[in-house]
Amino acid sequence: MSIVLVCNHRDPKPWVKAFKNKNPNLDIQVYPDIKDINSVNFAISWQHEHGVFSQFPNLKVIASMGAGVHHILRDKTIPKSIKVTRIVDDNLTKDMADFVLLNCLYGIRNLKFHAQNQLDKHWEIKAYRQPEDIKVGIMGFGVLGKAAAKKLKLNGFMVNSLSKSRKKIEGIKSYIENELDQFLAESQILVCLLPITEDTKAILNHDNLKKLPQNAQVINVARSQHLVEDDLIQLLDDGHLSLACLDVFQTEPLPKDSRLWSHPKVSVTPHVASMTDPDSVVNQILDNFNRMKNNESLKNEVDREKAY
Ligand code: NDP
Ligand code: OXD
């Protein structure tokens, strides 16, 4: 039984090294350099090319290299019988919470405004706001949303959450799907940490973004498909929104001619909110490889019906 690594836009070498450090005898092959296609039962994937897995007749499990799995589930050629797992990792979670906090502080301390003025050598003092006066709405209250909320609370922000099912966490108001309007109306900073599902695609559209309070900030650290870029730009340009911090994009790397690069109210980061460290997650993936071999249930398995 062997493992195949199928990844685009991520270097496979640190992954192979991490696995070999744990188990030098492991049979791990890197696509497209495959010795024995029939021996492959377990794949580790990041942004594979559509259809690629149909070449592996004995494949049983596809493990995402990250927390998100839409890059796997969008490929409808993958049979439903193949199990899909995702990463849940303390380091990944901590890094995301740090990044969300950083972007919230970036907004309330006007750092984009000052960076723009620096380009023009323009000195202008602008009053900043305190975390205690700001309500952050976190859309998607799973592993990452909860960790971000906890860190924001510790740093003085008020936090509301939005999820499919009601949550009970002291000091955090929980909204569910059909209360979206009320949740949005209270979110001075909106953080998107949703998975991509049929319900969440394009959820950050004009109608919904317009429901945010005047001067709201939007932070999208989930996926680009949540956001309708034209609607966001329009609401930034007409002054309804004050700032957008975007970490994920329709095309990555973001094309040079994207207007997002130079928009004065947009902060662009290259999908670095939180990055999987292969050394940190190798144990959970190997554990699942062994579980698969023993016909045991997998950890962090995705519900393919729910899509997350
Ligand atoms: P989880 O699966 O743990 O959490 C998902 C949350 O979304 C759950 O709270 C769920 O509700 C909620 N949800 C699902 N559908 C809806 C809906 N229609 N309306 C409201 N809430 C909904 O995911 P993670 O926290 O681990 O990850 C979230 C996303 O973050 C990933 O899918 C990935 O795309 C992105 N990500 C981005 C990274 C980056 O570097 N930019 C790094 C890592 C992840 P319920 O709890 O009720 O089920
Ligand atoms: C992830 C990501 O899903 O890096 O982990 O976006």
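Look up a bit, the structure's there.
What counts, and at which threshold
Residues numbered from 1 in each chain as written. Chains lettered and ligands numbered in written order. Predicted model: local features only at pLDDT ≥ 70, side-chain atom pairs only at ≥ 80, totals over all residues. Heavy atoms only, no water. Helix = DSSP H or I, 4+ residues; strand = E, 2+ residues; numbered from the N terminus. Near = heavy atom within 4 Å. Polar contact = N/O pair within 3.5 Å; in protein donor to acceptor, adjacent residues only side chain to side chain. Areas by Shrake-Rupley, 256 points an atom, 1.4 Å probe, with all protein chains shown as cover. Phe/Tyr/Trp six-rings, centres within 6.5 Å; stacked < 30°, edge-to-face > 60°. Buried < 20%, exposed > 50% of the residue type's maximum accessible area, 1.4 Å probe, protein only. Lys NZ or Arg CZ within 6 Å of the ring centre and 35° of its normal. Contact = heavy atoms within 4.5 Å.

S.K.: Quick rundown of unusual backbone geometry? Include the residues and the values.
M.R.: Cis geometry is found at the peptide bond from Tyr 31 to Pro 32, where omega equals 10 degrees. By the element assignment, Pro 32 lies in the loop between strand E2 (28-30) and strand E3 (40-46). With an omega dihedral of -5 degrees, the bond running from Glu 252 to Pro 253 counts as a cis peptide bond. Residue position: Pro 253 is located in the loop between strand E11 (241-246) and strand E12 (266-268). In the Ramachandran plot, His 9 falls in the positive-phi region, its phi being about 60 degrees despite a non-glycine side chain. Note that His 9 resides in the loop between strand E1 (2-7) and helix H1 (13-22). A positive phi angle is found at Ala 202, which is not glycine, with a value near 60 degrees. With respect to the helices and strands, Ala 202 occurs in the loop between strand E9 (189-192) and helix H7 (206-210).

S.K.: Please give an account of the site of ligand 2 that cites residues and values.
M.R.: Inspection of the region around ligand 2 gives Arg 10, Trp 46, Gly 66, Ala 67, Gly 68, Arg 223, His 271 and Ser 274 as its neighbouring residues. With respect to ligand 2, the backbone of Ala 67 contributes an N or O atom lying 2.7 Å from an oxygen atom. Contact between ligand 2 and Gly 68: an oxygen atom at 2.7 Å from a main-chain N or O atom of the residue. Here ligand 2 has 210 Å² of accessible area as a free molecule, and 90% of this is covered by the chains.

S.K.: Now, about the packing of aromatic side chains: what can you tell me, with residues and values included?
M.R.: Evaluation of the coordinates by the stated rule reveals three aromatic pairs. Both rings, one in Phe 42 and one in Phe 289, keep their centres 5.4 Å apart while their planes meet at 75 degrees; by these two values the pair is edge-to-face. Of this pair, Phe 42 sits in strand E3 while Phe 289 sits in helix H9 (residues 278-293), placing them 247 residues apart in sequence. Residue Phe 42 shares its accessibility class with Phe 289, and that shared class is buried. Between the NZ or CZ atom of Lys 306 and the centre of the ring of Tyr 308, over which it lies, the distance is 4.6 Å.

S.K.: Explain the environment of Thr 77 to me, using residue names and the numbers behind them.
M.R.: Considering the arrangement of structural elements, one finds Thr 77 in the loop between helix H2 (70-73) and strand E5 (83-85). It is 8.0 Å that separates the C-alpha atoms of Thr 77 and Phe 53, two residues lying 24 residues apart in sequence. In contact with Thr 77, other than residues within four places in its own chain, are His 50 and Gly 51. Of the polar contacts made by the side chain of Thr 77, one reaches the side chain of Asp 75; its length is 2.5 Å.

Coordinates in, geometry out; function isn't part of it.
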